[in-house]
Every structure is written in C-alpha cells, then in structure tokens.
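This is what each chain is made of:
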There are 2 protein chains.
Amino acid sequence: MTSRLEALCMEKGLKMTGQRRVISQVLSEADDHPDVEEVHRRAVQIDPRISIATVYRTMRLLEDAQVIERVDLGDGRARYEEATADHHHHLIDTRTGRIIEFASPELEAMKERIAHELGYKIVGHRLEIYGVPLDDAADCARDEEERP
Amino acid sequence: MTSRLEALCMEKGLKMTGQRRVISQVLSEADDHPDVEEVHRRAVQIDPRISIATVYRTMRLLEDAQVIERVDLGDGRARYEEATADHHHHLIDTRTGRIIEFASPELEAMKERIAHELGYKIVGHRLEIYGVPLDDAADCARDEEERP
DNA sequence: GTACTTGCAAACGTTTTGCGTGAAG
DNA sequence: CTTCACGCAAAACGTTTGCAAGTAC
C-alpha cells in the first residue's frame, strides 16, 4: 500500500526505496510526535533490516523536502510531525507528556506585528506552552493515575 | 567585589566558592546569551583554574535556584541569561545571530487565554521568532527567486 | 559502467558523571 | 573528623559521517 507521505515524497521527486517507504508509512500512521529512535523502533517491526542511520538520513531528507517538520520540544532530541500548511503550536502537558496542538490566527497576527515593529520580517518561529490540567492544578492528590 | 548574581545566590542560601563567585561575576557582566563554553572562556580569564565541568555544574545549580534561565535558541547548545521577573521572548536575526529581547503583555494574555480554553494552567512557555531585517528582506526574496 | 542508498562502526559536539584530591567547617 | 566542591578523564547522549558493499538503471 502507498502511504500518504509516500505519495507526497514522489510528488517532490524523491526516489522511494524500500526503507524510505517503510519510514514514510510509519510517519503516516503516527498521530504523535515520535523521535528518531521511536520511528526506528516502529520501522523495524515492519522491516528488521532498517538501521538507525538510515532513519536519521531519511528524516533529514524528508525535512529538507518539507514533507515533515522537526519539532523541538525541549527534551534534547528532535521530534517530528507531518508538515502542514497552517502554522500551529504545542501545549505540552508536563504531568503526562501529552502534546496538544493548537492554532491561533490572532496569535500569528500579533507575532507578525511585533516582529514588524522591531524592524524584522519573520522567517520562522516557535511557541511552546508547558502546562498542567486545570483539574489537577487544584487537586494534586491524583498523581499516580493510569495513563489512557 | 560582590556581583549582582553573587548577592542573589547568597540570598538563596547557596554556598559561594571562589569558582562560583567568578562564574557569577561573568554572568553578571554578560549582556548577551553565552553558552557554557563561552562562560568558561570568560571565567578562565579571571581564574585559569576553573574547569568546564565546574561551569556545567554551577550553571545547573544557578538554574535550579532560578538565578539564571536556560534559553534554547535552537543551535543545539544551552544558552543562559539572568532570570527576570517579567516574561520576555527572543527574536533571533538569522543573518547575524543577533538576539533581540522583547515583551508583550498582550501576547502573555492571549497565551494565558489559549491555555485556559484547552483546560490547562500554564507553568512555563517559550516563544522564539526567527527573522531577517526588513531592509534585507527584499534582497532575500530576490535571491530566492534567482535560485534554480 | 554510473549514481545512489544502505549498514556498520567510528566520530562528533554537548553534557554528565565517577573518582580521587582538596578545601572548609 | 565529615561534608561538600573541584579537576580530570571517561562515559553518555543524540546525531552525523566515512567507507565498503549493495541496489537500480
């Protein structure tokens, strides 16, 4: 089967090998923000001959082709998500590590305005919010709950 | 002489040794965002017996005590600045690497509102804008077009 | 043949750590 | 004495790369 990302890669003129197809499939099926090791772990379950070096090389390839985007969530390793047309940001639940994506046109506009006032044109930006659930913030007794 | 940061450290009950005093002095005098190697370079000029390991250890100590703040500017190493009461962010000039600090109460409010709507209480956040000077932006666009 | 991709292991740059020495109370 | 800080070198970490072998055309 051809994955969504594989189709995108071919549109961009990338040569699709077996390994690249598997990695594309893994990334297509991911609805989280896996790091390279996690992508490798999942890829190996489909084809055990894939090395971590190939995953690193392929991730860079896909990033350069703007098929995926690197997300730096401040945990010291690169995480990835599919590239999207609309800009969005991440709210990271510091209790569970869960990542919530959000977008805000108002915020985009404000950030554009701030840069302009400083005499700059934006070429990129990054916003991350770290938070705890409002429910838990009041009631901290329930730390050891099961993860969904 | 007692530096600003050294006084702060003592308030927090940190034991101040010769090395820590020198590092505090270096950080007090810095008006940029030095990385650990840079701090070490400057510290060694005051006292050549300071090792990089001590700088790393002291930076973490000061960070934990909230005397300094780690800033991740996406260049793969940790940079630092004095901790401030007011939240501010960074605009990074991608041409020169120059870092401009800015604050926006409106932005703080909006970000607070967004988190609340998602059911979260903010415990931290980070915004970085990467940009090019408006004057150069025209040249930049032309360069891009000329490329094949 | 050429041109590219892969796996492996070694190297890389940043950061941490184990350990023996040293300084301070 | 005990306790903590230090310097050094080695290790750990995520990532990149040199190289020889493999694949596709």
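For every chain, the first residue of its written sequence is number 1, and the numbers climb from 1 along that sequence. Labels are handed out in written order, letters beginning with A for the chains and numbers beginning with 1 for the ligands. For this predicted model, a pLDDT threshold of at least 70 governs which residues receive local features, and a threshold of 80 or more governs which side-chain atom pairs are given and counted, while totals over whole chains, interfaces and linings are taken from all residues. Hydrogens are left out, water is left out, and the side-chain values use all remaining heavy atoms of the structure.

Named according to an unreviewed UniProt entry, chain A is Ferric uptake regulation protein originating from Azospirillum palustre. UniProt positions are given in the numbering used here, feature names are shortened, and annotations may be inferred rather than shown by experiment. Word for word, the UniProt comment on chain A under Subunit (unreviewed entry) is "Homodimer."

A. Region of interest: the packing of helix α3 (residues 36-46) of chain A against helix α4 (residues 52-64) of chain A. All names here are of chain A. At their nearest, the axes of α3 and α4 sit 9 Å apart, and the two run at 120° to each other. Crossing of α3 over α4 shows right-handed handedness. From α3, V36, E37, V39 and H40 reach across to α4, where they touch I52, V55, Y56 and M59. For helices, the fitted line uses only the C-alpha atoms of the stretch in contact; every axis is such a line through C-alpha atoms, and the angle between N-to-C directions lies from 0 to 180 degrees. Secondary structure elements follow DSSP: runs of H or I of four or more residues count as helices, runs of E of two or more count as strands, with numbering from the N terminus. Should the near helix be turned anticlockwise from the far one by less than a right angle, the crossing is termed left-handed; should it be turned clockwise, right-handed. Whether two residues are in contact is decided by their heavy atoms: any pair within 4.5 Å suffices.

B. Main features of the protein's contact with DNA strand D. Throughout, the term near means that a residue has one or more heavy atoms lying within 4 Å of the molecule or strand in question. Lining the immediate surroundings of DNA strand D are 17 residues, of which A:A78, B:T17, B:Q19, B:R49 and B:T54 lie closest. Within 4 Å of the protein, the atoms of DNA strand D are drawn from sugar and phosphate moieties in a proportion of 74%. In the environment of DNA strand D, a phosphate oxygen lies 3.1 Å from a nitrogen or oxygen atom belonging to the side chain of A:R60. Contact between DNA strand D and B:Q19: a sugar or linking oxygen at 2.7 Å from a side-chain N or O atom of the residue. Those elements that provide at least two residues to the surface near DNA strand D are α4 of chain A together with α2 (18-29) and α4 (52-64) of chain B. Among the elements that take part in the surface near DNA strand D, α4(A) stands out by supplying four residues, more than any other. Note that Gly is not counted as nonpolar here; it falls among the polar residues with everything else outside the nonpolar set of Ala, Val, Leu, Ile, Met, Phe, Trp, Tyr, Cys and Pro and the charged set of Asp, Glu, Lys and Arg. Across the surface near DNA strand D, the residue classes break down as five nonpolar, five polar and seven charged. Think of a polar contact as two N or O atoms within 3.5 Å of one another; within protein, one of them needs to be a possible hydrogen donor and the other a possible acceptor, and neighboring residues in sequence only count if both atoms come from side chains.

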